[in-house]
Amino acid sequence: MKFRNTKLEGIETVNRRWSWLQVDLDAIRHNINVTKSKIGPNCKLLVIVKADAYGHGAVQIAKTAINCGAAYLGVATVDEAMELRDAKIKGNILILSQPPVESIPLLVKHDIMPAIHTTEFAIQYAEAADQAGKSAPYHLAVNTGMNRVGVRHNDVLDFLKSVSFHRALKLEGTFTHFATADIADEMTFKKQMSLFTQLIDSMKINDYDPGIVHAANSAAIFRYPESHFNMVRLGVCMYGYYPSDLIKQYVELKPSMSVHARIVDERILGIGEGVSYGHKYRARSSAKICTIPIGYADGLHREATGKIGVIYKGKIFPQVGSICMDMCMFEIDMNSAIAQTNYNAQIGDEIILVGRDGDAEITVDDLAKASGTINYEIICSFSRRMPVLYV
Ligand SMILES: *Cc1c(COP(=O)(O)O)cnc(C)c1O
């Protein structure tokens, strides 16, 4: 038997394995546009595309966001920045925390801006850029209370004093990060705001231009307009998810991700027959067990076993039996005549694990709750083993 390469390559990823993610780019555009209307025309927008754009595919999301007016792209790692450069994306890229000193040549070569929080890194970065005949733009990460990375707010002037002799080094922005912008208690947020504002003032008094000043993450963008400064950093809300329930009152977002699969096998079980590893679930009546090819290696947490549903033909059916690495099962109770005629699921039928069909809806938050985690972790843990289709 002969195979033609062009024909083999034409077999789409969704037909190689029956599970995939769909990302609605109109929803992403909507979420960016409501953000822009909130921040106004004089405030820049940095969109966070770290972790493969929270699982949505970094290259496509970055292009979409730039077309919607984003001025900056934020990533977590050098490799994430280089993936964007490899895709011929030209805009400003900021790595949100300082990478290893050893990676400096890559930053200089590909014009990737680091966040900096040590003098050693700053000097080495400046020297590498100088040798390449380039300048060394950076954003200064300031710690005002998150206590993760950053120069402590009251050490910033000393930091600047010790690096400012270097001609190549260019402070393009100064930023901090909030620890509590999405929780009810406002005390820590207010403390961080006041420390940061005082710092920016004292930088100016001492003739250091802070450049682009930014602080707000998604929660702060919508809840605290006073935290916008010159730029905001839009993360989870761009994808249509809320940092916490508290933020829902401030903005209406459109979720962009849905999760789909097709049934790969089905069988009718009698009462008492077990399903999946450990037989922890047993059929309570005549039940059709349908198998879909998505498991914990795809980001469907095993912890969610038995606590989630699956939408089939506009109705939610319970997931049953331990979630396996590559597959899981759901059950259709076949006792009613309606089930036998309308829900007689067959191999190849499509189901929705996250998304909506008619009145039936399963959200990322539902999955997060069942998995004992937050929506952020759910969206970014869907693995690249599932292809992403943009619709
Ligand atoms: C990830 C990240 C953000 C985005 O946070 P969201 O809550 O998703 O908006 C903003 N700033 C920094 C420094 C980050 O690391």
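Provided above is the structure to which this section pertains.
Rules behind the numbers
- Residues numbered from 1 in each chain as written.
- Predicted model: local features only at pLDDT ≥ 70, side-chain atom pairs only at ≥ 80, totals over all residues.
- Heavy atoms only, no water.
- Helix = DSSP H or I, 4+ residues; strand = E, 2+ residues; numbered from the N terminus.
- Buried < 20%, exposed > 50% of the residue type's maximum accessible area, 1.4 Å probe, protein only.
- Contact = heavy atoms within 4.5 Å.
- Areas by Shrake-Rupley, 256 points an atom, 1.4 Å probe, with all protein chains shown as cover.
- Lys, Arg positive; Asp, Glu negative; His and termini not counted.
- Charge placed at Lys NZ, Arg CZ, Asp CG, Glu CD.
- Core = buried A, V, L, I, M, F, W, Y, C linked by side-chain atoms within 4.5 Å.
- Near = heavy atom within 4 Å.
- Polar contact = N/O pair within 3.5 Å; in protein donor to acceptor, adjacent residues only side chain to side chain.
- Nonpolar A, V, L, I, M, F, W, Y, C, P; charged D, E, K, R; others polar.
- Salt bridge = Lys/Arg side-chain N within 4 Å of Asp/Glu carboxyl O.
- Phe/Tyr/Trp six-rings, centres within 6.5 Å; stacked < 30°, edge-to-face > 60°.
- Expected span 1.5 Å × (residues − 1).

K.L.:
For the overall build of the chain, give the residues involved together with the corresponding values.
P.N.:
Along the backbone of the chain there are 13 helices and 21 strands. On the principal axes, the C-alpha backbone points of the chain span a range of 80 × 60 × 40 Å. Taken across its 391 residues, the chain has 52% of its residues classed as buried. Pairs at least 24 apart in sequence give 66% of the contacts found in the chain among residues at least 6 apart. Summed over its atoms, the accessible surface of the chain is roughly 18,200 Å², and 51% of this surface lies on carbon and sulfur atoms. Taken together, the 42 basic and 42 acidic charged side chains of the chain have centroids lying 3 Å from each other.

K.L.:
Let's hear about the nonpolar core: which residues, and what values?
P.N.:
Counting 120 residues, the largest nonpolar core has V49, Y125, Y138, M238, I292, F330 and I332 as its most contacted members. Sequence-distant contacts of M238, that is, excluding residues within four places in its chain, are made with I28, N31, I32, V47, I48, V49, I61 and A65.

K.L.:
Describe the site of the ligand, naming the residues involved and giving the relevant values.
P.N.:
Surveying the vicinity of the ligand reveals the residues I48, K50, Y54, L96, R148, H177, N217, S218, R233, G235, V236 and Y376. A distance of 3.4 Å separates a nitrogen atom of the ligand from a polar side-chain atom of H177. One of the backbone N or O atoms of V236 is found 2.7 Å from an oxygen atom in the ligand. For the shell around the ligand, a count of residues per class yields 5 nonpolar, 4 polar and 3 charged.

K.L.:
An account of the pattern of salt bridges is needed here, citing residue identities and associated values.
P.N.:
Inspection of every chain in the model, using the stated rule, returns 14 salt bridges. Across the salt bridge formed by E266 and K288, the nearest N and O atoms sit 3.4 Å from each other. Taken together, the positions of E266 in strand 12 (residues 265-269) and K288 in strand 15 (residues 287-292) put the pair 22 residues apart, joining distant regions of the chain. On the basis of relative accessibility, which here comes to 3%, the residue K288 falls in the buried class. With a shortest N-O distance of 3.0 Å, K307 and E303 are connected by a salt bridge. Exposure remark for E303: the relative accessible area of 48% places this residue in the partly exposed category. Through salt bridges with shared partners, a single ionic network connects R17, D298, D326 and R385.

K.L.:
Any details on the side chain of H228? Residues and values, ideally.
P.N.:
By the element assignment, H228 lies in the loop between helix 10 (218-223) and strand 10 (231-234). Classification of H228 by relative accessible area gives buried; the value is 6%. Those residues in contact with H228 that lie beyond four places of it in its chain are K38, I39, C43, V213, A220 and I221.

K.L.:
Describe unusual backbone geometry, and please don't skip the residues or the numbers.
P.N.:
You will see that D52, though not glycine, has its phi angle at about 50°, which is positive. Within the secondary structure, D52 sits in helix 3 (residues 50-54). Unusually for a residue other than glycine, N147 sits at a positive phi of about 55°. For N147, the position within the fold is in the loop between strand 6 (136-143) and strand 7 (151-152).

K.L.:
Describe the packing of aromatic side chains, naming the residues involved and giving the relevant values.
P.N.:
Scanning the entire structure with this criterion turns up 9 aromatic pairs. Note on Y54 and Y376: the rings are 6.3 Å apart at their centroids and 35° apart in plane angle, and the pair reads as tilted. Taken together, the residues Y54 in helix 3 and Y376 in helix 13 (residues 375-381) connect sequence positions 322 residues apart. A residue is classified by how much of its surface remains accessible, and Y54, at 8% relative accessible area, is buried. Between Y312 and F317, the aromatic rings sit 6.3 Å apart at their centres with planes inclined by 50°, giving tilted as the arrangement. Of the residues examined, Y312 reaches a relative accessible area of 1% and is grouped as buried. Residue F317 is classed as buried on the basis of its relative accessible area of 6%. One aromatic cluster is present, formed by Y54, Y239 and Y376 through successive ring pairs.

K.L.:
Quick rundown of helix 7 (residues 119-131)? Include the residues and the values.
P.N.:
Between its terminal C-alpha atoms helix 7 stretches 18 Å, which fits the 18 Å expected from 13 residues at 1.5 Å a residue. Taken residue by residue, helix 7 has F121, A122, I123, Y125, A126 and A129 as its buried positions. Tucked inside the fold, the buried residues of helix 7 contact helix 6 (104-110), strand 5 (113-116), strand 6, helix 8 (156-163) and strand 8 (169-176).

K.L.:
If you had to explain the side chain of T176 to someone new, which residues and values would you point to?
P.N.:
Here T176 shows up in strand 8. By relative accessible area, T176 is classed as buried at 1%. A polar atom in the side chain of T176 sits 2.7 Å from the backbone oxygen of V142. In contact with T176, other than residues within four places in its own chain, are V142, N143, T144, F196, H214, A215 and R233.

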